[in-house]
Structures are given as structure tokens and as C-alpha cells.
Amino acid sequence: MKPTMQILLGGECPSFLVLVRKQTAAFSLAICLLMATASESRAGGVEFNRQIRPILAEYCFQCHGPDASKRQGDLRLDVERNAKEHAIVGTVESELFQRIASEEDDARMPPAETGKRLSQKQINLIRQWLEEGAHYEGHWAFEPITKPKVPQRPSTEDSHLTHGGNHSTDIDRFIAKALDSRGLSMTRAINRNQWIRRASLDLTGLPPTWEEVDAFVNDNSSDAYPRLLDRLLDSPAYGQRWGRHWLDIARYADTHGGSAIGFTSFPFSYTYRDYVINAFNNDLPYDRFVTEQIAADQLGLHKNDPSLAALGFLTVGMQYRNHHDVIDDQIDVVSRGLMGLTVACARCHDHKFDAISTKDYYSLYATFANSSAPESLPILGELPDTPPTLAYQRNLQDLQVQYDDMARDQSEVMRNRLRIQVGLYLRELAKGTPEQDLSTNFLSYRTDDVRPLVLNRWRFYLASLHEDDPVFGPWLSLSKMSTENFGRLAAEWIQLRENENKETVKPAELHRLSAKPPKWNPRVLESISKKLPQSMADVADAYGGLFAEVQQEWLQALRQSSLEAVSQESVVPDEDSKHLAINSPVYRQLRRHLYGEDTPTNPPDELAVKILNRTISDALGGKRGAIHEHHLSAPGSPPRAMVLQESTQPKDFFVFLRGNPLARGEPVQAKFLSALSLPGDQGTEQPYLDGKRRLGLAQSIVARNNPLTRKVIVNWVWQHHFGEGLVRTADDFGTRGRPPTHPELLDYLAETLYEDSWSLKALHKRIMLSDVYQQGSVEDEKSRSIDAENDFLWRMPRRRMDLESMRDAMLAVSGELNKDRGGRPFDMNASPAIPRRSVYGFINRDIVSNLASTFDGANPNACTVKRPDTTVPQQMLFALNSEFIQDRADKLASLLPSAAGETDTQRVDWLYRRLFSRNPEPEEVETAIQFVRSKLGIAASEAPTSNAWQRLAHALLASNEFIFVD
């Protein structure tokens, strides 16, 4: 293939020449061809999953699908039995067909107001499907995985497709079967120079050195290809490359997100990133990889085990103030990232398209809601005994003591105020104030404010008591009385209770230390009686006044009894009447409701600090921030795991109607999705064990009978090798997702992954040793007319490097790349550039870098299974004007005298080998030399300046051949 030239206009030098081969022109052609129509239905009939289900999902399921609340006419077109009872009774006479084909707005479906209408081609497909018997199929994604029979190898093979004389692989036979049925064939294989460059960039994100290229090209052994793959897979760069891919799924970032001003950094997000990279390099079995990321803390690991960092998968996402949103984010990353299901769509209603109910969603909610981050995160590995670490520990202890002292004192002050304010909260309940939404629990308070969390605690606390409770039994009973004649009825009820007390306890023995308390607390009855209540508000005031007295009496009694320890007078006996407030069982009954562990006025420390007054909260937040900053920046700060801890005493959970946490529907248990649960399967059908709910979920996800997990991961790996997955909608295997282009191959790869002990490295080799991976990316007009989107892989798609690989490749060829691994992130925007691999760069949720926005970086606010793929002018402007690329070109030019040789030809050869992994064509050498001489005004007798070579290096770095994986 002869070379050609392209001129890139931009910057201050419009004469830049970028040397590329003709095949790069296919990239521009491909953009135009994306508008071509999809291939026609396959010979042999209409396929429901591939052709009919997507139409029904797009136009019908929203009103006639799984969502019961939106279903019209009690018709479900996603369920065969229901559909054939109501809408599919014949061929063109079927109501379904009559409605979609109707020309009348009142009769046509979808309704005219939706703005949707089936195309004539889609109507014809429905007609053909009906005429063929309207056969339904189970949704392909939920079908059990069975290893399909490998198609027979064709009797005559195109020898140019195979490498090293080997026969086609099993993968190729599946691909060939699909191609043959459409009159297509694979493109001729690439040469070894191209293959090692493609394989190196795919597996490591770095181009091969010329020494590596030369050794591979001249390796005539039969196992040259697999040995090269083994070397690349054993390289630390493999984990850095594929770990970066996984971090897209994990919505990894180094900041909390959501800051209106500035941003807050995670001190230890990098430990999850390093865990992921190490897991890929160690070829951690994928089922174990998934399990650790969901439930590493429940696997019996040592308290400092590095694998605990895996829980960053759940904890490194956006730090929403509303804890319901945090759980929703965890549900989304697990369901969409690991199983290709948009479960989060069922938060407010049944999924409109897939068999996922709100009950399924809140079953997963119950799985995660019991887990929270501990106050102190575990250190990973042993704490080194070094001066920086010892200094860090001392300073941390000082900062923690300052925080704990203040939090303890201020929390106790707040608790004692709550004990005085019992009446404030009971009055709110008496006037019917509804349950409070605690998503606003981050708001600030004054001393006299009603705190929503405390009000809810009073509501639930009273609801947990029985009507015969000595203290709050009167409240519960009186609250049920009619508002008419309330005063008379209340007085009669109180009189009856007082009479019961007189029959059981003598007044003289009422306050003795060893006395038994009466059935009804006398002080409660007396307070209510004196109030002459006419409503529950009056009863609330009676309780409020009583508890305020009890609290003050207790504090005074404590003071007096404490002073007795230093008094010079005679000792006061414990049973002295001076100690009545302390000894009386009547008083003790009352104080139990003020000081008991489960009482509303005694919130635990983790809750107490959330409801302090604003001034105190801000001061305490400053001390917490000092600890955070110490973790973040102290030289001796050790790595810590961002773990979760699950409560062993879970609360009850319910469906939130329309997503409203205050509108509770039916109760739910922590369990797996019903659509994937198999009867009798302990791992999917039964509720998860308390204290190990996340472990139960992880086991359900990686269970062999779960058809989704393996399909999703092999599709994801395939996608990163070919630019598109066998399932194009990689994060949606549901009804609206595109069915697989090669369903049998998808099942084959999913099952062989299990046979290979969930090894992703084995999967890479299986894919990359195939002919379909080794074919060229050359366009073919005839093939394009048959398969416009290259669904069936008659050619290798050409792909632009992602931004991390592009940056790393430029640093590699300029000889600057620092291969240090792990540790805290560096500033990607620093100038001069810090030459570390981009996977270690700082990712800011709040401020997206120009590089990431220009070159389609992943959105760190959500699970990104596939990055967007755009071609915009800003990308070329970056290539021409970027200080980063110019600096790399400067470095390349500076290497020429010592590395390339003295002649112009040697230098051009060296640049092409280093940047493109090939020797230049003679015409390319001639053009490059002309560029560095005549185009810059250099006479033939003069040596080109270093600036001229820098310009050439810049042009080559900005060329399509360098930036695209061919």
C-alpha cells in the first residue's frame, strides 16, 4: 500500500505535513457510513429476540410491559400468554397488527400524542412474524448458558487469514458461520509489525519498542504469537491498562463530588485503584474479583489484608448528602456494571421494559442499607516503623483526641437538652406532624429547633411500646380517644389507673430503694390529672413538664451525691431520704425513658454529632477536616482501605412508594433479583443472612446459574479489543438493549471463561489468537453495503487510542515515561508534565479536565461501561497546539543525534520505527526530508536545525497513524 500525505491546518504553522497511509482515510469514510441502514432479516425467518423484541420494547412495553402502574388495558406484550389472549389471535387480523398499521390517529398505536410511529419496515417485520406463527423466545440475556457446538471448519480455508500456518480457532468458526450466511468474508490478515503494535496497545496501552518489534518479526517459532501475548500479559503495564478500563465501570475518582465551591479529596481512593491494577496483573479469578469488591469484609480476611481495598468499588462513588442516593448509586454500579441491568430504573416504579419490580430494587436496597463506613479505616499491611510514620501516628492521635473530647462533651450537652425538650417533640406528634425525611439531616440547627431525626426516633420509640407501659401507657391509651369529650374521658381513665395503683402499692413504701414500682407511674398520672387535658397537646405538655422536672432533679441529685465524697461532715447513708430522687423506683421508671440505650433522648455518638447546633457542628467539622487533611497529606500517612461494615441487627425495610422514603409499601427482604432467582437455589431465592447480606449478593452474582455475569464480562473484554461488544449496548442487556450479533459465540466465551477458572488472561489469549482479531481494518464497498455497521466483523474496526493510552504512548516514545507503580495520584495538569502513567493521575469529579472532555474520558459520576466515541475539531486543535505534545516532540528531537544516527534518512527511519513500529516507505522518507529542509527554508547544503526535526516529530505525533490503533 503506497503512502500518501495529509496537511493538518492549524496553529501557527499551516505547512505541517502529517505522513499517513491511505488506510487512515477509511476513518473519515466510516463516520459517513454510520448512517447506513441495518442489515435485513436473516434467511430462515424473523427472529423474535433480534428483530421483534426491540420493536416492542421501543414502542409498546412502556404501556403494555412489566410496569403495572403504567399498564394500559391489562395487556402485556412482553408475556406471550397474555399477549395471545388479548392481542395476537391470528395473522394480520391480530389486534396488534391492526393497531400498528392503522392510519387513523384514534386507533393507531402507539398513540399519536407520543410522537412515535413504527416505520413501514418495522410493520412488515411484525406482519412476517405473525404470519410465521408469532413465536416468542425467552429474553436472550436471561437464558441459561449452554456451551454451543462449534461450527464445522470449512472444507477450504483462506490460508491468508491464519497466522503461522495454524488453523482457524473456535471463535473464527462462529464468526465465519455468520459471515458465510450473509455472503461476507474476513479481511486479509495484518502483518507482524501491525499485529504486535495492535496487541501491545490493546494489552498494555503502550506501543512496542523497535527492539521488540524486530524480535517478533524475526521469530519463526511456532509459538511466537502466544509467547508474545504471555509476555505482554505478564507486564505490569497490562494491569495498568485494563485496570483503567475497570475504573470506568467503578466510577472511580479522587474527589467526593457535588461541591459548589472547591472540592474535597478522598485520602485513600488510590488504594482501590492499586487493588484493581494488582488484581488484573495477578489474574485474580473474576468471580473472586467481584466477590471481594462487594464483600471483602465478610470473607474472613485479616484486618489489614490488602484485599479489603476492593470495597472501594462501593465506596469511591459520588458522596451524596442523601443516603438514599448513595445506596441507589451502589445498586446501579453493581447491577449495571456487573450484570448489564438498569435496576436503578425501578426505584420509583416497576421497570418499564424489563422484569424488574420495585420490590426487586428495594430487596437490593435492603442488602446495602445495613452497611456504612466505619469512623476509622483499616490500615493495609503492616505499619512501617519509620520516622515519618511515627510522626504521623503521634499527630493523628493528638488530632483524634481533640475531636473526641469536643464531640463527647458537646454530644452530652445536646442529649441533656433533649431530655428537657421532651414536651417539644410530643407536642409535634400530638398535632399530627408527619414522619420526617432524613435526607435533610445535614441541615444546621439552633437549640430550640425540632430535629427531624429526634422526632422520628420519638415516633418509632412510642410505636414500639405497649399500652401497659408504666410511663407511656397513658399516652398510648389517651391518643386513641375521641376528640369529643376528650377531657371527661381522659379524667375517667386517669382515675381508674390511680385506683389500680392504690390497690397494689402503699404510699409509704413507694420510694424505698428496694420497693417494687406500681403498675402505673404515679408521677405521670398526677401530672396529667393536674393538667386537666382537653386534647393530646395538653397531655404532651404534661409529659414535657414532668420530664423537665425529672431531668433537673437528676442533675441536682448527681451534684449533691457527688459532693458527699468530699464533704467533711459525716457520711450520708445510701438509703437516706436525701437520696430519694436516686433510689425511688418511680423516678427510675421515668429516667429509663431519658437515659436508656434505645431512647430518643440518648442517640448514639454517630447520630449525636449529626444533630449538633450549627456553631458547634462547624467547629467539630473543622477538627474532623484536620484529621482528613492529615490522612491526605502527611508524609507518613499509610494506605487505608475504604471499607464498609454491616450491622448484624438490621432494620425492617419496605418498598418506597414512588421512591418516597416516607411512603412505605410492602416489606422486603434482602435477596436477589426475582428474574434471576431459581426455585430451590439457596444462593438466589432465599433471603441473605443478616451481617452477610453483601456476601450473599456477591455469591448470587457469580453463581454459575446466573446467566448474566459471565456474558457481561466477556462482552466487555471483547468490546475493548474490537471497539464494540458482541452486545453493542454493553451496560444494558435488558429488553431495550441490542441483542448479540453472535449469540452462540457469546455463550461459548462465557462458558469457556468458567472452564478457564474465570481467568481473564486466558480470555484475552483466546480472543487475540483468533483470525478475526488479526484481520485488517481495510474498507470493502461490497461488504459495507451488506453489513453497514460491521456487526459481523468482516473487518477489524479502526479505533482511536483513549486519552490515557495516547498520553502514555507519547511519553513512552519520547523516552520519558516513569514506570513507578501505585501510590497517591499526581496532578495531570502540572507543567512541566509529570511523566507517570495516566492511570495514576488525579481525577476530579467536580472539575472535568480539558483533556478528558476533549478525548471522551469516562464520566466519574456514574458507571461507564463504554465511553462515548466522538470526533470533534477540538481534538485536532489539541494535537496541533498542545504544549504537552510539543514538549514530547522537543524530547524526541533531542534524542535524534545520539539514538538515530547522523544522516537525515537514519533519523527519519528511527522516528517511524519508534512511533509507528514500522520502517518508512521510500516516498515517506523523501517527503519527511523535504519537510525538514525546503518547507522551513533550509538549503540543501545545510543541516536541518533541531527545531525542524521538532516540527517533524510533532507532525508525526499528531498523525492518525500514531493516534489510531489500525
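Predicted model, so just to flag it, every value in this text is computed and none were measured.

Parameters and conventions
- Residues numbered from 1 in each chain as written.
- Predicted model: local features only at pLDDT ≥ 70, side-chain atom pairs only at ≥ 80, totals over all residues.
- Heavy atoms only, no water.
- Salt bridge = Lys/Arg side-chain N within 4 Å of Asp/Glu carboxyl O.
- Helix = DSSP H or I, 4+ residues; strand = E, 2+ residues; numbered from the N terminus.
- Buried < 20%, exposed > 50% of the residue type's maximum accessible area, 1.4 Å probe, protein only.
- Axes fitted to C-alpha atoms, helices over the stretch in contact; angles between N-to-C directions.
- Parallel < 35°, antiparallel > 145°, perpendicular 65-115°, else oblique.
- Contact = heavy atoms within 4.5 Å.
- Nonpolar A, V, L, I, M, F, W, Y, C, P; charged D, E, K, R; others polar.
- Disulfide = S-S within 2.5 Å.
- pLDDT = per-residue confidence, 0-100.

Draft legend 1. Highlighting the pattern of salt bridges. If you walk through the whole model with that rule in mind, you get 66 salt bridges. Its salt-bridge partner being K352, residue D67 comes within 3.3 Å of it at the nearest N-O pair. Here D67, found in the loop between α3 (61-64) and α4 (80-86), pairs with K352, found in the loop between α15 (323-339) and α16 (358-368); they are 285 residues apart in sequence, far enough to count as distant. Of the residues examined, D67 reaches a relative accessible area of 1% and is grouped as buried. Taken together, the shared-partner salt bridges connect R244, D248, E804 and R867 into one network.

Draft legend 2. Up close: the packing of helix α8 (residues 192-204) against helix α11 (residues 236-249). Here α8 crosses α11 at 65 degrees, and the two axes come no closer than 6 Å. Relative to α11, the element α8 lies roughly perpendicular. Contacts between α8 and α11 involve L201, D202, L203 and T204 on the former and, on the latter, A237, Y238, R241 and W242. Residue classes in the contact of α8 with α11 are distributed as five nonpolar, one polar and two charged.

Draft legend 3. Highlighting unusual backbone geometry. The omega torsion across M109 and P110 is -5 degrees, close enough to zero to call that bond cis. The topology assignment puts P110 in the loop between α5 (95-101) and α6 (120-131). Following S831, the chain continues to P832 via a peptide bond in cis, the omega torsion being 5 degrees. The topology assignment puts P832 in the loop between α34 (803-813) and α35 (850-854). In this model, R251 sits at a positive phi of 40 degrees, which is unusual for a non-glycine residue. Inspection of the secondary structure puts R251 in the loop between α11 and α12 (269-281).

Draft legend 4. Fine view of the state of the cysteines. Scanning all chains against the criterion turns up zero disulfides. Here C60 is not disulfide-linked; the sulfur of C63 is the nearest cysteine sulfur, at 9.0 Å. A disulfide-free cysteine, C348 has its sulfur positioned 10 Å from the sulfur of C345, the nearest such atom. On the basis of relative accessible area, C348 is assigned to the partly exposed category, the value being 38%.

Draft legend 5. Broad picture of the confidence of the model for the protein. Of all residues in the protein, 91% attain a pLDDT of 70 or more, and the chain-wide mean is 89. The low-confidence segment residues 1-43 (pLDDT under 50) makes 98 contacts with residues lying over four places distant or belonging to another chain.

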